[in-house]
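# Architecture and fold: a report
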Amino acid sequence: MPIQLHRRARRRGAVLTAAALLGTAAAAAGPATGATAAPSVPRPPTPTRPVVQAPPDCSPAHRITQKLDGGTTWRMCWRYDTDAGLTLDKVTFQPRGAAAPIKVLASARLAQIHVPYDDGAAEYDDLTGAGFGWGLQNLKPFECPGGAVTTVKVPEVGQIKGLCTTTRARGHAYRMASDNGTKVWQAQGKDLLVYTVNKVGWYEYISEWRFSADGTIAANVGATGSLSPVDYNATDGRGWPIGKGARSYATSHAHNVFWKLDFGLDGSTKDRIEQFDSTVTAPPANGGGPTVKTKRTVVTKELAGDAKNMRWWRVVSGTGKNADGHARSYEIAPGHTDTHAGRGFTKHDVYFTQARACEKFASNNIGDCAPNAGDSVDKWVNGETLTKPSVWVNIGFHHIARDEDQQPMPVHWQGFQLAPRDVTAMNPLTPPDLASQNGQPDLGS
């Protein structure tokens with residue numbers, strides 16, 4: 001049986017027994033054990049419209065509120081989608097002393113995990129083609145240290161204790177010594193951490209969102225679980241020997257993870273996108289140092305963007321300004337990526353498209369767009385004017401297996417940050433005795 005059909009057949013067979021298994025011990029079941037254990041929560045064979053659990057009014061059961069050290073409060077709503085998994089809506093950030101929350105994200109979620117194997121024999125869209133949403137895993141309390149595990153109702157599966165919300169230390173939030181060395185200002189930061197674990201085939205994906213007290217948001221996916229035992233046929237140089245000698249070659253593959261973000265900064269529907277490129281000159285022949293000039297370009301049309309040295313993008317509020325009169329914005333800061341050129345939708349690092357309700361997934365889209373619209377994000381970049389942009393971030397990882405990937409596989413992470421840029425007039429964690437130093441610092445501080 002071909003590899004791809006084999007994987008999907010496993011899921012179809014397992015779905016027939018899912019109801020019986022969940023009827024006896026779904027809420028208490030732990031992750032499957034054994035190298036070839038079937039996924040515990042499979043996906044039906046035919047993709048359908050996503051089933052959204054939470055009502056749009058965000059009932060208390062679907063509300064997350066966390067006040068962090070330093071006084072910052074994050075608020076958001078959560079819901080669960082049987083294709084996209086965890087979705088966060090109405091995300092707001094309220095620094096210490098602010099009269100009201102600042103609206104940041106209208107919606108944020110995964111938009112695809114695309115997994116093509118190097119030999120061309122298998123290629124998966126794990127969200128819309130392999131049962132990601134149905135694969136939500138039960139989390140034991142010790143997997144959510146210091147936090148709470150919330151029960152999620154997964155249609156056709158049952159009640160899964162699958163959503164962790166907790167806080168986690170991250171080290172220094174800031175540190176600054178006075179010029180005369182008599183005082184040190186420092187703070188140790190804690191983040192709000194929201195995550196789920198979803199099992200697809202032999203892989204398990206930790207989908208994590210981090211919210212920091214300074215306004216930073218980080219999105220990460222960690223892949224763990226097991227290497228696929230049916231993909232040890234790479235004797236043609238497209239794999240790596242795992243185990244004794246040179247007999248079992250685990251096939252190399254990629255994990256191309258997409259996220260979809262709809263901002264709505266300050267509640268505005270008129271956010272704009274800006275791209276910044278810096279150019280460095282060579283040092284002049286007559287002495288002196290190199291110069292750097294930065295150019296800002298307002299992105300007015302849909303764009304498939306490529307990350308380059310000293311290039312970055314930001315989403316700018318159409319209405320909101322901080323106390324200094326500067327437009328609020330969030331900078332998109334991608335992590336390390338291995339850009340995969342095998343498909344049109346994986347060739348670029350970011351996409352900015354005009355928001356449309358049917359454009360939900362970066363590939364194998366099942367959002368009921370018009371037949372001629374295409375089913376991947378690259379097809380939606382067609383020169384339309386951006387008046388209400390959706391942001392798509394693509395972070396790739398080329399996985400060449402190693403002996404250490406067995407058994408179980410250590411988590412490998414890929415993701416990006418959204419860094420606040422002029423959201424507040426000063427660092428929202430600034431200590432009171434430095435609050436007057438807005439602008440050029442005082443000498444001797």
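Reference entry: report on the structure contained in this document. (Residues numbered from 1 in each chain as written. Predicted model: local features only at pLDDT ≥ 70, side-chain atom pairs only at ≥ 80, totals over all residues. Heavy atoms only, no water.)

### Describing the state of the cysteines
Here is the idea: a disulfide is a covalent bond, and it sits between the sulfur atoms of two cysteines. Inspection of every chain in the model, using the stated rule, returns three disulfides. Cys-58 shares a disulfide with Cys-77; S-S distance 2.1 Å. In this structure the cystine formed by Cys-58 and Cys-77 twists about its S-S bond by roughly -110°; its chirality is therefore left-handed. Highlighted residues: Cys-58 in the loop between α1 (3-25) and β1 (63-67) and Cys-77 in strand β2 (residues 73-81), separated in sequence by 19 residues. Relative accessible area serves as the criterion here: at 5%, Cys-58 is assigned to the buried category. Here Cys-77 falls in the buried class, since its relative accessible area comes to 10%. Described in terms of the sequence order of its bonded cysteines, the disulfide pattern of the chain is 1-2, 3-4, 5-6. (Disulfide = S-S within 2.5 Å. Helix = DSSP H or I, 4+ residues; strand = E, 2+ residues; numbered from the N terminus. Buried < 20%, exposed > 50% of the residue type's maximum accessible area, 1.4 Å probe, protein only.)

### Regarding the nonpolar core
With 74 residues, the main nonpolar core has Trp-74, Trp-209, Phe-211 and Leu-261 as its most contacted residues. No other element matches strand β4 (residues 102-116), which puts seven residues into this core. Counting eight residues, the second largest nonpolar core, distinct from the first, contains Phe-258, Phe-345, Tyr-351 and Trp-380. (Core = buried A, V, L, I, M, F, W, Y, C linked by side-chain atoms within 4.5 Å.)

### Observations regarding the environment of Ser-59
Along the polypeptide, Ser-59 turns up in the loop between α1 and β1. Residue classification places Ser-59 among the partly exposed residues on the basis of a relative accessible area of 22%. Along the sequence, Ser-59 and Cys-77 sit 18 residues apart, while their C-alpha atoms lie 8.4 Å from each other.

### Here's the deal with the sheet that holds strand β15 (residues 292-299)
Spatial ordering of the open sheet is given by β6-β7-β8-β9-β10-β21-β18-β17-β14-β15, a layout of ten strands whose pairing is antiparallel. Since the sheet does not close on itself, it has two edges, and those belong to β6 (148-154) and β15, each with one partner. On average, each strand axis in the sheet is inclined to that of its neighbour by 25°, with strand direction left out of account. Judged from the nine bridges that link them, strand β8 (residues 184-200) and strand β9 (residues 203-211) form a sheet pairing that is antiparallel. (Pairing = 2+ DSSP bridges. Axes fitted to C-alpha atoms, helices over the stretch in contact; angles between N-to-C directions.)

### Structural notes on the pattern of salt bridges
A pair can form between side chains of opposite charge whenever their charged atoms are brought close. Counted by the stated rule, this structure contains 16 salt bridges. Glu-274 is paired through a salt bridge with Arg-272; the nearest N and O atoms lie 2.9 Å apart. In this structure Glu-274 comes out as buried when scored by relative accessible area, which is 1%. Look at Arg-272 and you get partly exposed, because its relative accessible area is 31%. Residue Asp-405 pairs with Arg-402 through a salt bridge whose shortest N-O separation is 3.2 Å. (Salt bridge = Lys/Arg side-chain N within 4 Å of Asp/Glu carboxyl O.)

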